[in-house]
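A closer look at the structure
Chain by chain, the residues:
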Amino acid sequence: MNLLSSSVSWKKLSALAEETANDRISDYFAADPARFDKMSLRLGELFLDFSKNKVNDKVLKALIDLAEHSPLRQRRAQMFSGDIVNVTEKRPVLHTALRNRGQDSVIVDGEDVMPSIRASLEKLKGFSEQVRSGEWKGYKGNRITDIVNIGIGGSDLGPNMTVRALLHAKHPDLKLHFVSNVDGQHIKKVLKSLKPESTLFIVSTKTFSTQETLLNAQTARRWFYKNAGEDADVGQHFVAVSTNQEAAMEFGIRQENIFEFWAWVGGRYSLWSSIGLPIALSIGYEGFIELLEGAYEMDQHFLNAPMEENMPVLMALIGIWYINFLGAETQAVIPYDQALHQLPAFLQQLDMESNGKSVDIEGNPVDYATGPIVWGQTGSNGQHAFFQLLHQGTRFVPIDFIASLEADEQTTEHHFALLTNMLAQANAFMNGDDSDGLLDYQMCPGNRPSNVILLDRISPRSLGALIALYEHKVFVQGAIWNINSFDQWGVQLGKRLANEISRNIEQKSQDYDPSTQGLMELVRAAFERQDSGSKK
Ligand code: G6Q
């Protein structure tokens, strides 16, 4: 048995789960008219209502006790100060330094990393301003109108989600495209509408060794030469964001057009670094800085607010209550805002790649559940699809609702309907429906918990705070579960095996299990047929 699951705080929570098994959230409100005021918090442009959760004062106190007896405080201090918290990869984890808007230095290996972070921001500023103003010219002297970010996973999801969320603030003459899938149809579709003389490619890859990204980048380069001619200056049209300068230069990217970042920035935490270049290009450098400031505000809150008033800590603890004591397997994230439609995919990676672990930091198997399955899509669409299961199914699914208060001037009526739908759902999940005259199958049991996060508006600042809120929530859960939230050996395995299998198909290797072997044979035969077909 692990230390955590045999701890006094854990046992206390198990007892409370039994004691409160038949409690109803609605009764908590009836017993305490001030519950909403007590259980809601504001930070800048972000408001969190966590009152519709199945937690009473005793449960909250026991959860905070669990946090206080965990390595959380120590790990938090270690992360912010640049100690090695990613122990399996022996690295510090410093996305918080990337958005450090204060004067503090952050020391890694005896050196302050802040000057190089500031220098990389300056470079981002200079380049994004040149492209946005039209000063940066393509090989024919045209301004750039289309930017294609080629990257996958952490080098795609963060900038992609953020650019889409802030489309209302984008440069009017620039269009951002994102290519991630190795499926050639993805890049083919994007390239179809583009002209080489006005297109800029960003090859975004921390390692510059990810198969999907390299293949897409090579296809883009071939397309460029084919349409622009062999003499066209590829250097004006390809830049890279990478820690691997050598490989980027080998690809043909000029040294001065490589935007650096560092090994201590994890892929899924990298949108605050040069990986955020598409964001700066789309909304401008000032907007990018506002995004960092919003996140910095959340960092300061996370560091300084008492546990009882600390948004990421509270969201994490309530999540742990559901996952470890009430049996929740999943966490739904439902943004009631079309601009946030990529947020569930982003959070899915953030949470599942970080906390999808089953050994603790010392390498011992855990005997408790860790990260949940995170899923979701926009409301109100979800209401007409999977919400049925949430209302009447047998599963217990906590929900995060996210929305912004400010409406677009032309569509205020729509925005009002959007928000009222969300409020109606959160209310219905809590209260259910057992009105007189309903037949059994019409009844909704209710007592299903939710958080509501309201942004005053979707701005770089509020979005920065929102993303940092979730990053820290994930961090707190990882610290309490005593796992390493910053490695991803499962992802690495996939990368390695894909390369091996493609080599071994060609070499007709017989080293695999019969199923893999049989499937490899079918793929090989299909490609041989296509090859010989194309030669005829
Ligand atoms: C993120 C993961 C993973 C990674 C991609 C792309 O935390 O490590 O999603 O970002 O595999 O890797 P590269 O940026 O090295 O191409």
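Residues numbered from 1 in each chain as written. Predicted model: local features only at pLDDT ≥ 70, side-chain atom pairs only at ≥ 80, totals over all residues. Heavy atoms only, no water.

1. Observations concerning the site of the ligand
As a structural note, the neighbourhood of the ligand is formed by 14 residues, with S155, T205, T207, T210 and R268 the closest of them. Within the backbone of K206, one N or O atom sits 2.7 Å away from an oxygen atom of the ligand. Measuring from an oxygen atom of the ligand, one finds a side-chain N or O atom of E353 at 2.9 Å. Considered on its own, the ligand offers 410 Å² of accessible surface; in the complex 92% of this is hidden by protein. Grouping the constituent residues of the shell around the ligand by class yields 1 nonpolar, 9 polar and 4 charged. (Near = heavy atom within 4 Å. Polar contact = N/O pair within 3.5 Å; in protein donor to acceptor, adjacent residues only side chain to side chain. Areas by Shrake-Rupley, 256 points an atom, 1.4 Å probe, with all protein chains shown as cover. Nonpolar A, V, L, I, M, F, W, Y, C, P; charged D, E, K, R; others polar.)

2. Regarding the nonpolar core
Counting residues in each nonpolar core, the largest one holds 115 residues, and the members touching the most others are W321 and I453. The element best represented in this core is helix 18 (residues 460-481), accounting for 13 residues. With sequence-adjacent residues up to four places away left out, W321 is seen in contact with L13, L16, A17, T20, K54, V55, V59, L63 and L326. (Core = buried A, V, L, I, M, F, W, Y, C linked by side-chain atoms within 4.5 Å. Buried < 20%, exposed > 50% of the residue type's maximum accessible area, 1.4 Å probe, protein only. Helix = DSSP H or I, 4+ residues; strand = E, 2+ residues; numbered from the N terminus. Contact = heavy atoms within 4.5 Å.)

3. A few points about a negative patch on the surface
Together, E122, E129, E286 and E290 make up a region of like negative charge exposed at the surface. Secondary-structure assignment places E129 in helix 7 (residues 114-133). Accessibility expressed as a relative area gives 38% for E129, which makes it partly exposed. (Patch = residues over 30% accessible without salt bridge, like charges linked within 9 Å, V, L, I, M, F, W, Y side chains within 5 Å. Salt bridge = Lys/Arg side-chain N within 4 Å of Asp/Glu carboxyl O. Lys, Arg positive; Asp, Glu negative; His and termini not counted. Charge placed at Lys NZ, Arg CZ, Asp CG, Glu CD.)

4. Concerning the sheet that holds strand 10 (residues 238-241)
Sheets are built from strands paired through backbone hydrogen bonds, the pairs being either parallel or antiparallel. Judged by pairing direction, the sheet is parallel, and its 5 strands sit side by side in the order 8-7-9-10-11 without closing on themselves. Each of the sheet's edge strands pairs with one partner strand only, and the pair in question is strand 8 (175-179) and strand 11 (258-259). Where strand 9 (residues 199-204) meets strand 10, 4 bridges bridge the pair, whose relative direction is parallel. Note on strand 10: the bridge partner recorded for F201 is F238. Across the sheet, helix 10 (residues 211-228) is in contact with strand 7 (146-150), strand 8, strand 9 and strand 10; its angle to strand 9 comes to roughly 160 degrees. (Pairing = 2+ DSSP bridges. Axes fitted to C-alpha atoms, helices over the stretch in contact; angles between N-to-C directions.)

5. What about the packing of aromatic side chains?
Evaluated as defined, the whole model comprises 24 aromatic pairs. Three or more aromatic residues joined by ring pairs make a cluster, and in this case those are Y139, F201, F208, W223, F224, Y225, F238 and F251. A cation over an aromatic ring shows up here: R99 above the ring of W272, its NZ or CZ 4.6 Å from the ring centre. The residue whose ring lies beneath K123 is F259, and the NZ or CZ to ring-centre distance is 5.1 Å. (Phe/Tyr/Trp six-rings, centres within 6.5 Å; stacked < 30°, edge-to-face > 60°. Lys NZ or Arg CZ within 6 Å of the ring centre and 35° of its normal.)

6. Quick notes on the sheet that holds strand 14 (residues 399-404)
Spatially, 6 strands are ordered 1-2-15-14-12-13 in an open sheet, and the strand pairing comes out mixed. Each of the sheet's edge strands pairs with one partner strand only, and the pair in question is strand 1 (40-43) and strand 13 (373-375). The mean inter-strand angle of the sheet, taken between neighbouring strand axes irrespective of direction, is 15 degrees. In terms of strand pairing, strand 12 (residues 330-335) meets strand 14 through 4 bridges, oriented parallel. Across the sheet, residue I334 finds its bridge partner in strand 14, namely F401.

7. Brief notes about the pairing of strand 10
Along strand 10, one buried face is formed by F238 and A240 and the opposite face, lined by V239 and V241, is buried too. Remark: the strand 9/helix 10/strand 10 crossover connection has right-handed handedness. Alignment of strand 10 against strand 11, held across 2 bridges, turns out to be parallel. Considered in strand 11, the bridge of V241 is made with F259. One crossover worth recording links strand 10 to the parallel strand 11 by way of helix 11 (residues 245-251), and it is right-handed. (Right-handed = clockwise from strand over helix to strand, strands pointing away.)

Note that all results are geometric; they support no functional claim without further evidence.
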